[in-house]
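Now for the letters of each chain:
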Amino acid sequence: MKISEIVKKVKKIGYLPGVKKRHATIWNCPCPDMAHPIGIGNHWNEECRYLNSILHDLGPHKKIFKN
């Protein structure tokens, strides 16, 4: 799955882009306390290297992400 596809899914869930670092952007979850941030790489054409940790870090949002 490409990073652009993952970003589309994350936006659909309600995540908001946060701090942009050199190789990744930290996305904040829609929860009031933003307890489930995830990092997604910034190279849109590459295969997503963070997919496994994203699925782990999504917490309760994992079920929505998989749909």
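Residues numbered from 1 in each chain as written. Predicted model: local features only at pLDDT ≥ 70, side-chain atom pairs only at ≥ 80, totals over all residues. Heavy atoms only, no water.

*Asks:* Where do I start with the sheet that holds strand β3 (residues 38-41) in this structure?
*Replies:* The strands making up a sheet associate through backbone hydrogen bonding, with each pair oriented either parallel or antiparallel. Strand order in this open sheet of three strands is β1-β2-β3, and the pairing throughout is antiparallel. Of all strands in the sheet, those with a lone pairing partner are β1 (16-20) and β3, marking the two edges. Taken over all neighbouring pairs, the strand axes of this sheet differ in orientation by 40° on average, direction set aside. Bridge count between β1 and strand β2 (residues 24-28): three bridges; the pairing is antiparallel. In the sheet register, Pro17 faces β2, and the bridge partner there is Trp27. Packed onto the sheet, helix α1 (residues 3-13) meets β2 and β3 and runs at close to 145° relative to β3. (Pairing = 2+ DSSP bridges. Helix = DSSP H or I, 4+ residues; strand = E, 2+ residues; numbered from the N terminus. Axes fitted to C-alpha atoms, helices over the stretch in contact; angles between N-to-C directions. Contact = heavy atoms within 4.5 Å.)

None of this, on its own, says anything about what the molecule does.
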